[in-house]
Amino acid sequence: MTGAMRRPLVMANWKINMDPDQVQPYLQQVIPEVNKDTGADVAIAAQDLYLTQMVKETAGSRLAIAAENAHWTDDGAYTGETSPKALALVGVSYVLVGHFERRKLFNETDERVNLKTKAALKNGLKPIVDLDEDLSAYAKEDKKTIVLKQLKIALEGITAEEMANVAIAYEPTWAIGSGEAASAEQAEKSAEFIRQSLVNLYDQKVADQTRILYGGSVTTENAADFLSQEDIDGILVGKAALKPESFLKLIDIAQETGSASN
């Protein structure tokens, strides 16, 4: 199977940006474009405060809503955390797990990423498992060792059948928010390595079906270069997705890429 048979996924990550009065106008601008469904899946990840509203606003549309994080248990004494069960009941579709900022700023470990991935799957959420490439933290390990370690631990105990609902996001740490993205060729090499690692961890079928996203200073200028790579099946977008106009351009690029490949 080639990348042409994996439907592209464009995901905005608002982080803790956006004021409450910006949410509805943004969605109203984006939904009609997404509903054209000409070759790509689209999702927006937002802070928990907005998720219920966003699910209601997008009801009946093709625009999916994602959480930026979730706990590894459904309920209990975990003040300040968000239950994956509650997210699913509200109608959230995806959840980011192990984003670089969670790892660096909130001490997210590979083991917790694994627990959260399992909890998401148990509740019918589709986890986007983030792998970062913080070379400064691993003085004696090359980047392939780092990425493989994160991948193996994150997916431990997850079956081949469950992998049908898992996507992987590759984000080189130095590119996140820096304005300097990896080259398309660099990103493709890492995505190719991740896919081959999935062959080794599971089998060719799982590797072929798993979407691999690139994240890190994605713009309207470089998105097509990433999306045209054989092993890159989508983009995880931060700053460039904060304005609906630029996010719509990214959706158009992904739709054109997806349509041209099929």
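Located above this text is the structure these notes cover.
An account of the accompanying structure is given in this report. (Residues numbered from 1 in each chain as written. Predicted model: local features only at pLDDT ≥ 70, side-chain atom pairs only at ≥ 80, totals over all residues. Heavy atoms only, no water.)

## A short note on the pairing of strand β4 (residues 94-97)
Part 1 of the reasoning: Judged by which residues are buried, β4 turns out to be covered on both faces: Tyr-94 and Leu-96 on one side and Val-95 and Val-97 on the other are all buried.
Part 2 of the reasoning: Two elements, strand β3 (residues 63-67) and β4, share two bridges in a ladder whose sense is parallel. Directly across from Ala-67, in β4, lies its bridge partner Val-95.
Part 3 of the reasoning: One ladder, built from four bridges, connects β4 with strand β5 (residues 126-132); its direction is parallel. Residue pairing for β5: Leu-96 is matched across the bridge by Ile-128. (Buried < 20%, exposed > 50% of the residue type's maximum accessible area, 1.4 Å probe, protein only. Helix = DSSP H or I, 4+ residues; strand = E, 2+ residues; numbered from the N terminus. Pairing = 2+ DSSP bridges.)

## Side note on the pattern of salt bridges
Part 1 of the reasoning: According to the stated counting rule, one finds 11 salt bridges in the structure shown.
Part 2 of the reasoning: Between Arg-103 and Asp-110 there is a salt bridge, with the nearest N and O atoms lying 2.6 Å from each other. An identical accessibility class is assigned to Arg-103 and Asp-110; each is buried.
Part 3 of the reasoning: With a closest N to O distance of 2.8 Å, Asp-233 and Arg-195 form a salt bridge. With a gap of 38 residues between them, Asp-233 in the loop between α9 (223-227) and β8 (234-237) and Arg-195 in helix α7 (residues 184-201) connect regions that are remote in the sequence. By the burial criterion, Asp-233 is buried, and Arg-195 matches it.
Part 4 of the reasoning: Bridged by salt links that share partners, the residues Arg-6, Arg-195, Asp-231 and Asp-233 form one connected network. (Salt bridge = Lys/Arg side-chain N within 4 Å of Asp/Glu carboxyl O.)

## Focus: the pairing of strand β1 (residues 9-13)
Part 1 of the reasoning: The buried count for β1 comes to five of five residues, which makes it a mostly enclosed element.
Part 2 of the reasoning: Following the backbone out of β1, through helix α1 (residues 20-34) and into the adjacent parallel strand β2 (residues 41-46), one traces a crossover that is right-handed.
Part 3 of the reasoning: Note that β1 and β8 share four bridges and pair parallel. Note on β8: the bridge partner recorded for Leu-9 is Gly-234. (Right-handed = clockwise from strand over helix to strand, strands pointing away.)

## Examining the environment of Arg-102
Part 1 of the reasoning: Inspection of the secondary structure assignment puts Arg-102 in helix α4 (residues 100-105).
Part 2 of the reasoning: Through-space distance from the C-alpha of Arg-102 to that of Asn-69 is 8.5 Å; in sequence the pair is 33 residues apart.

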